[in-house]
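# Reading the structure
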Amino acid sequence: MSAYGLGRLAHLRDAKDLIDRAFAEPLDLDALARVAGYSRFHFARTFREVFGRTPRAYLTWRRVERARDLLQSANLTVTEVCFLVGFSSLGSFSARFKQEVGLSPSAYREREVQRGGAPPIPGCFVLMWSQSAVPQSGRSPQRAPSISSEPAHPGGET
């Protein structure tokens, strides 16, 4: 493969890495194609040739893979898992999950609970850690007052 071909493959890998990192975010074909430096149609066709799935199918597979992990390890409702992994509809999540796994999300969780394993992580911890980088409101973060043994003003004036 020529140096040009290897460079193009690296750009495709950049787009795939973006899907892996930001699978829970709304990603569209145009944004992924821009990362790879392709037109949207050429990107979709080339991605499928290289990785064996269309970008949309790969994104769905990645989201379902993460959902499986959360359903096994976290004490979250199916609806919470659905939205955490990037689906915007519980119906489409359940349909895609069943298509990929062969079981509904609830049946999958029930099967995994019966098999045993580590106790589920409390849902509040999962939600806290998965959204820690996202500001909770549109307000600017307030600075916490500093606690120090030194007076705020030189010479102890207030």
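Relevant structure appears above.
What this report covers is the structure whose coordinates are included nearby. (Residues numbered from 1 in each chain as written. Predicted model: local features only at pLDDT ≥ 70, side-chain atom pairs only at ≥ 80, totals over all residues. Heavy atoms only, no water.)

### Re the packing of aromatic side chains
Here is the rule: Only the six-membered ring of Trp is used, alongside the rings of Phe and Tyr, when aromatic pairs are assigned; centres must lie within 6.5 Å, and planes under 30 degrees apart are stacked while those over 60 apart are edge-to-face, with the rest tilted. Any Lys NZ or Arg CZ that is within 6 Å of a ring centre and within 35 degrees of that ring's normal is treated as a charge sitting over the ring.
Using the criterion set out here, one finds eight aromatic pairs in the structure. Of the aromatic side chains, those joined through ring pairs into one cluster are Tyr38, Phe43, Phe47, Phe51, Tyr58 and Trp61. One residue, Arg63, lies across the ring of Phe87, its end atom 5.8 Å from the ring centre.

### Description of the packing of helix H4 (residues 55-73) against helix H7 (residues 105-115)
Using the following cut-off: The axes used here are C-alpha line fits, helices contributing only the stretch in contact, and every angle between their N-to-C directions lies in the interval 0 to 180 degrees. Secondary structure elements follow DSSP: runs of H or I of four or more residues count as helices, runs of E of two or more count as strands, with numbering from the N terminus. Here is the rule for angles: anything less than 35 degrees is roughly parallel, anything more than 145 is roughly antiparallel, 65 through 115 is roughly perpendicular, and the remaining ranges are oblique. Definitions for this section: a left-handed crossing has its near helix turned counterclockwise from the far helix by less than a right angle. A right-handed crossing has that turn clockwise. Residue contacts are counted whenever heavy atoms from the two residues lie within 4.5 Å of one another. Classification convention: Asp, Glu, Lys, Arg as charged; Ala, Val, Leu, Ile, Met, Phe, Trp, Tyr, Cys, Pro as nonpolar; all other residues, Gly among them, as polar.
Contact pair H4 / H7: the axes reach a minimum separation of 9 Å and the direction vectors enclose 50°. As summarised for this structure, H4 and H7 are arranged oblique, according to the angle between their axes. Handedness of the crossing formed by H4 with H7: right-handed. Where H4 approaches H7, its residues Arg68, Leu70, Leu71 and Gln72 are matched on the opposing element by Pro105, Tyr108, Arg109 and Glu112. Class assignment of the residues belonging to the contact of H4 with H7 gives a composition of four nonpolar, one polar and three charged.

### Quick notes on helix H3 (residues 40-51)
Rules: Here, expected helix span is obtained from the residue count minus one, scaled by 1.5 Å. For every residue, the accessible area (1.4 Å probe, protein chains only) is compared with the maximum for its type, and the residue is labelled buried under 20%, exposed over 50%, or partly exposed between those bounds. Note that the arc is computed from the directions linking the helix axis to the C-beta atoms.
End to end, H3 covers 16 Å across 12 residues, agreeing with the expected 16 Å (1.5 Å per residue, within 8%). Within the span of H3, buried status applies to Phe43, Thr46 and Phe47. Buried positions in H3, seen along its axis, are confined to an arc of 105° and lie on one side of it. Within H3, the exposed residues directed more than 90 degrees away from the buried face are Phe41, Arg48 and Glu49. One or two positions beyond H3, positive phi appears at Gly52, with a value near 85°.

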